[in-house]
Amino acid sequence: MKSYIPSPNDITHEWLLVDAENMVLGRLATEIARRLRGKHKAMYTPFLDTGDFVVVVNAEKIRLTGDKLDDKLFHWHSGFIGGIKSKSVKQELQGAYPERVIERAVVGMLPKNKLGRAMAKKLKVYRGAEHPHEAQKPLPVKLS
């Protein structure tokens, strides 16, 4: 028996539209990461990019369970001595870029290599209900 490995000609990347309104962040992020990797397809191959493009709208209307809104912190470092910075999820959602909360959760679930970075580029997150990808005709996906 031989294993089936899809060629680049066999792989098709669809465009999917996800509405994040009233969805729990972690559950939403796992489904998005699954679709970016292509694990929902029968031709899934770990070392090939078989996933789809995912457009997420209404990023500022996500939910977090428990006290994570105030307790969960995002940390980063400037590279200088004493340059560690922190922000809570609440500050991020009310700030200028609420999309970063979803992006950061999804990217953390992707592989940490060149293939993972290519998959992360297929994620498009927008604050409101409007997005500039109407020409690609994204299919609305209902994630439960």
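Here goes a summary of the coordinates provided. Predicted model, so just to flag it, every value in this text is computed and none were measured.

### Side note on the pattern of salt bridges
Here is step 1: A full pass over the atoms with the stated rule returns seven salt bridges.
Here is step 2: For Glu-31, the salt bridge goes to Arg-35, with nearest N and O atoms at 3.9 Å. Of the two residues, Glu-31 and Arg-35 both sit in helix 1 (residues 25–37), four residues apart, roughly one turn of that helix.
Here is step 3: Looking at Glu-31, the relative accessible area reads 22%, which means it is partly exposed.
Here is step 4: A salt bridge links Asp-52 to Lys-41; the shortest N-O distance between them is 2.8 Å. Of the two residues, Asp-52 sits in the loop between helix 1 and strand 2 (53–57) while Lys-41 sits in the loop between helix 1 and strand 2, which places them 11 residues apart along the sequence.

### Focus: helix 1
What sets the pattern is the α-helix's 3.6 residues per turn: residues three or four places apart point alike.
Here is step 1: Relative to the 18 Å expected for 13 residues at 1.5 Å per residue, helix 1 spans 18 Å between its end C-alpha atoms, a close match to the ideal helical length.
Here is step 2: Within the sequence span of helix 1, burial applies to Leu-25, Leu-28, Ala-29, Ile-32, Ala-33, Arg-35, Leu-36 and Arg-37.
Here is step 3: Check the buried side of helix 1 and you find it contacts strand 1 (15–19), strand 2, helix 4 (99–107), helix 5 (114–120), strand 5 (123–125) and strand 6 (139–141).

### A closer look at the environment of Tyr-44
Here is step 1: Structurally, Tyr-44 can be placed in the loop between helix 1 and strand 2.
Here is step 2: Note on Tyr-44: relative accessible area 26%, which makes it partly exposed.
Here is step 3: Sequence separation of Tyr-44 and Pro-6 is 38 residues, and the distance between their C-alpha atoms is 8.5 Å.
Here is step 4: Those residues within four positions of Tyr-44 in sequence are excluded, and the remaining contacts are Arg-37, Gly-38, Lys-39 and Thr-50.
Here is step 5: There is a polar contact of 3.1 Å between the side chain of Tyr-44 and the side chain of Arg-37.

### A short note on the side chain of Thr-50
Here is step 1: Mapped onto the elements of the fold, Thr-50 is located in the loop between helix 1 and strand 2.
Here is step 2: The class of Thr-50 is buried, set by a relative accessible area of 0%.
Here is step 3: Separated by 3.4 Å, the side chain of Thr-50 and the backbone oxygen of Arg-37 make a polar contact.
Here is step 4: Once residues lying within four places of it in the same chain are set aside, the contact partners of Thr-50 are Ile-11, His-13, Arg-37, Gly-38, Lys-41, Met-43, Tyr-44 and Thr-45.

Calculation notes
Along each chain, the written sequence defines residue order, and numbers are assigned to residues from 1. Restriction of local features to residues with pLDDT of at least 70 applies here, the model being predicted, together with a cutoff of 80 or more for giving and counting side-chain atom pairs; totals for whole chains, interfaces and linings are based on all residues. Here the side-chain values reflect all heavy atoms present in the structure, with hydrogen atoms and water set aside. Any carboxyl oxygen of Asp or Glu within 4 Å of a side-chain nitrogen of Lys or Arg constitutes a salt bridge here. Labels follow the DSSP assignment, with helices taken as runs of H or I lasting at least four residues and strands as runs of E lasting at least two, numbered in each case from the N terminus. Only protein chains enter the accessibility calculation, which uses a 1.4 Å probe; a residue whose area is less than 20% of its type maximum is buried, one above 50% is exposed, and one in between is partly exposed. Between the first and last residue of a helix there are one fewer steps than residues, each counted as 1.5 Å, and that sum is the expected span. Whether two residues are in contact is decided by their heavy atoms, any of which lying within 4.5 Å being enough. Under the rule applied, a polar contact is a pair of N or O atoms within 3.5 Å (in protein, one hydrogen donor and one hydrogen acceptor; residues adjacent in sequence only if both atoms are side-chain atoms).

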